[in-house]
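Coordinate inspection notes
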Number of protein chains: 2
Amino acid sequence: MRAGERRPTLADVAAEAGVSVALVSIVMRGAPGAGATTRQQVLEVARRLGYQPDSRARLLRSGESRLLGVVFAVRHPFHDDVLTGLYDAADRAGYELTLSAVTPRRDERTAFAGLLQDRCAALILLGPLAPTADLAALAERLPVVVMFRAVRHRAVDVVRTDDARGLHLAVDHLVALGHRRIAHVDGARWVAAGERRRGYQDAMRRHGLEDLIRVIPGGSGEEDGARAARLLLDDPPTAVTTFNDLSATGLLDGLRRGGLDVPGDISVVGYDDSSFSRLAHIDLTTVAQDIDAMSTLAVTRAIERIAGTPVAHRETVIPPHLVVRGTTGPPPMR
Amino acid sequence: MRAGERRPTLADVAAEAGVSVALVSIVMRGAPGAGATTRQQVLEVARRLGYQPDSRARLLRSGESRLLGVVFAVRHPFHDDVLTGLYDAADRAGYELTLSAVTPRRDERTAFAGLLQDRCAALILLGPLAPTADLAALAERLPVVVMFRAVRHRAVDVVRTDDARGLHLAVDHLVALGHRRIAHVDGARWVAAGERRRGYQDAMRRHGLEDLIRVIPGGSGEEDGARAARLLLDDPPTAVTTFNDLSATGLLDGLRRGGLDVPGDISVVGYDDSSFSRLAHIDLTTVAQDIDAMSTLAVTRAIERIAGTPVAHRETVIPPHLVVRGTTGPPPMR
DNA sequence: CTGAAAGCGCTAACAA
DNA sequence: TTGTTAGCGCTTTCAG
């Protein structure tokens, strides 16, 4: 960029084209009310001058922001896929996305504040950890759609997966293969951990296996899975469901180091269908959430709220599906 | 959000506090020129009304944007770490970041355009794939800092890793362990692949191993690594360097399936220190880039350009370092 | 179909 | 220390 050069404004284009600014505005927005010839000319001048409309001024004047703020967390491979879906959905709806990341050194509060100042019309939060009260306070100011987490508050919209059903699918799959001694590695206090644990317990009961229910303390990291493996090695079940894929990979490694073959001796099911779960040497059977559907739903819901459309349900729960890969198979013969 | 409720403006706060808008503006910015008592009062009213300054109006008026646009790609675990570093650096410098993602269905052009409309003061691009001419055209409009890629154009600033040196480190490490037959799995046409390949070749020559230079066609994905493994199994070397971690994991899997022990029979070195390379069961020796230093440098450079500070070098090249983990060891005895 | 004028929420002169 | 005033670049009436 050469110094001293000002970016061209509407007025510059208007002057150069010999028309009024209002007309240029009409042309740039593609709004009706300009002759085809004039339109061509203006467009040509704008291109030549390298004119870029200033979205700040535009939004400021028009009052409407058509801007959706998204808060996501880095190092969640899962969120990357969601962003992809959200961009698609926003694009289809004629909205822009503005992103604010949560990083190890940038908390949710900061991420929220940034978006608030940008005058987003609504916020979409991916698996926020903030207490419900904070989310409710936010929702006081603008429509808030929370994804991948249940929030029991009437001001907050929720689009999440039926996590209990996810574990039903996992257990059903294992039982169909012939497993009975199925353990679950828990997700501790993480978002959705409780529902997944209860899903596991329900499913076991439904199959008449309540006496074999076994919940192992865990967490969201690989090391949590590895720790769980150590706890299981003394008396290994024939199959394990887990809170998430990362924990499952740690578990896999721990079990193999302990001399067990997967899936020969023991089957493992993850949760999330993370990108690394697809890697050939991990090849994890896992529960996948329908990210595209959920993204579309979240954007639609946000826009409905912005428009003030009455919405019947605050919470939308999407069924997950099972992706069967190489870490599950029949139990070993006795 | 209850419908019909307008967000409070400066004027609302001023009216409520019984002072002028200018004074409120001064207080909200923390600028000098307001009495302590008034300041307290105004702040209190603002808090009570839930006033949030409108950064768009603020920026529009002040002319300065203090906004850095960042283009990153989704599904690059590496970029997550860079974002973390960039937020830190921007925060220290008193700048805001606005993110625009490249996704499988949202190309770089679109990502650039979005930021341009937001009137960023400068752009930071993480490993852009766009041709140099496009980047130069962008740099015509505002300062552009490219990271993780060499761009030979006087209008574009570059902060990148000395990738050749990265492969020198890898080869030196392997040679020190006693390896001589070291192959390199190439990154095809990807950003930086050429320099890494040349780094490998140089290092081999420096160690008098030019006759043992062996470049295997590859790519950036796991499947490329797996394919390379098949090519190597006929006549395996004792060590392999790779274009990146993902390719290395595919290679690892392919080699192990082919009956080789890593690192007993063959050592493998990745590149990037991706988060998954740290997973205990992958535990990949890899070349790490100094992300924090590079992030700080990129932000600093962008701000220098915005301010019009004369900058001596357009290109800053940072040395990488080797992270030794479990996939490298001495070559097998003969 | 086109132009003139007002004002979005804010900051920065300047005046009081 | 405080208030008044004039815009930033744009959209949006409302006249012509």
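Just above, that's the structure.
Only a predicted model underlies this, so the values are computations on that prediction, with no experimental measurement involved. (Residues numbered from 1 in each chain as written. Chains lettered and ligands numbered in written order. Predicted model: local features only at pLDDT ≥ 70, side-chain atom pairs only at ≥ 80, totals over all residues. Heavy atoms only, no water.)

1. A word on the overall build of chain A
What counts here: Runs of E in the DSSP output that reach at least two residues are strands. Runs of H or I that reach at least four are helices, and both are numbered from the N terminus. Computation of the radius of gyration draws on C-alpha atoms alone. For the globule rule, the value is 2.2 Å times the number of residues to the power 0.38. Contacts are assigned to residue pairs that have any heavy atoms within 4.5 Å of one another. Areas reported as accessible are Shrake-Rupley estimates using a 1.4 Å probe. Residue values count occlusion only from the protein chains shown. In summary, the charge assignment counts Lys and Arg as positive and Asp and Glu as negative, without counting His or the chain termini. Charged side chains are reduced to one point each, which is NZ for Lys, CZ for Arg, CG for Asp and CD for Glu.
Secondary structure assignment for chain A yields 12 helices and 12 strands. In terms of C-alpha radius of gyration, chain A reaches 26 Å, well past the compact-globule figure of 20 Å for 334 residues. Along the first, second and third principal axes, the C-alpha set of chain A runs to 90 × 40 × 35 Å. Contacts in chain A between residues at least 24 apart in sequence constitute 65% of all its contacts with a sequence separation of at least 6. Element-wise, carbon and sulfur atoms account for 51% of the exposed surface of chain A, whose accessible area totals about 14600 Å². Counting 42 positive and 41 negative side-chain charges, chain A places the centres of these two groups 5 Å from one another.

2. Overview of helix α4 (residues 55–62) of chain B
To keep things clear, this is the line we draw: The classification of residues rests on relative accessible area computed with a 1.4 Å probe and restricted to protein chains. Under 20% of the type maximum is buried, over 50% is exposed, and intermediate values are partly exposed. Directions pointing from the helix axis toward each C-beta atom define the arc. Counted as a polar contact is a pair of N or O atoms within 3.5 Å, where, for protein atoms, one must be capable of donating a hydrogen and the other of accepting one, and residues adjacent in sequence contribute only when both atoms are in side chains.
Taken as a whole, α4(B) has its buried residues at Ser55(B), Arg56(B) and Leu59(B). One side of α4(B) holds all its buried residues, which, seen down the axis, span an arc of 100°. Of the surrounding secondary structure, the elements contacted by the buried residues of α4(B) are α4 (55–62), β1 (67–73) and α6 (108–117) of chain A. Of the residues flanking the start of α4(B), the one acting as N-cap is Asp54(B), its side-chain oxygen 2.8 Å from the backbone nitrogen of Arg56(B). Positioned one or two residues after α4(B), Gly63(B) has a phi angle of 80°, which is positive.

3. Considering the packing of aromatic side chains
We apply this condition: Aromatic contacts are taken between Phe, Tyr and Trp rings whose centres are within 6.5 Å, Trp giving its six-membered ring; a plane angle under 30 degrees counts as stacked, one over 60 as edge-to-face, and the others as tilted. Only lysine NZ and arginine CZ atoms are considered, and such an atom sits over a ring when it is within 6 Å of the ring centre and within 35 degrees of the ring normal.
By the definition in use, this model includes 3 aromatic pairs over all chains. When the centroid spacing of 6.2 Å and the interplanar angle of 5° are considered together, the rings of Phe72(A) and Phe72(B) count as stacked. Of the two residues, Phe72(A) is situated in strand β1 and Phe72(B) in strand β1 (residues 67–73); the pairing between them involves two chains. Residue Phe72(A) shares its accessibility class with Phe72(B), and that shared class is buried. Aromatic side chains Phe78(A) and Phe148(A) sit 4.9 Å apart centroid to centroid with 65° between the ring planes, which places their arrangement in the edge-to-face category. Here Phe148(A) lies in the loop between β4 (144–147) and β5 (157–161) and Phe78(A) lies in helix α5 (residues 77–93), a separation of 70 residues in the sequence. For the pair shown, Phe78(A) and Phe148(A) are each scored as buried. Sitting above the plane of the Tyr271(A) ring, Arg196(A) keeps its charged end 3.7 Å from the centroid.

4. Side note on the protein's contact with DNA strand D
Heads up, the rule is: By convention in this text, a residue qualifies as near a molecule or strand provided that one of its non-hydrogen atoms is within 4 Å of it.
With respect to spatial proximity, 23 residues lie near DNA strand D, and among them Leu10(A), Arg29(A), Tyr51(A), Arg58(A) and Arg61(B) are the closest. Backbone atoms, meaning sugar and phosphate, form 63% of the atoms of DNA strand D found within 4 Å of the protein. In the model, a phosphate oxygen of DNA strand D is placed 3.3 Å from a nitrogen or oxygen of the Asp54(A) main chain. A distance of 2.8 Å separates a phosphate oxygen of DNA strand D from a polar atom in the side chain of Thr38(B). Looking at the surface near DNA strand D, the elements that each hand over two or more residues are α2 (21–29) and α4 of chain A together with α2 (21–29) and α4 of chain B.

5. Remarks on the sheet that holds strand β12 (residues 321–323) of chain A
Residues and elements named next belong to chain A. The condition is simple: One requirement defines pairing of two strands: DSSP has to find at least two bridges between them. Axes here mean lines fitted to C-alpha atoms, for a helix over just the part in contact, with angles spanning 0 to 180 degrees between N-to-C directions.
The mixed open sheet is built from 6 strands, whose spatial order is β7-β6-β8-β9-β10-β12. Only two strands of the sheet have a single partner each, and these edge strands are β7 (215–216) and β12. Bridging between strand β8 (residues 239–242) and strand β9 (residues 267–271) involves 3 bridges; their strand directions are parallel. Each bridged residue has a counterpart across the sheet, and for Thr-241 the counterpart in β9 is Val-269. Seen against the sheet, helix α11 (residues 245–257) touches β6 (182–185), β8, β9 and β10 (285–288) and runs at an angle of roughly 160° to β9.

Interpretation in functional terms is not warranted from these geometric data alone.
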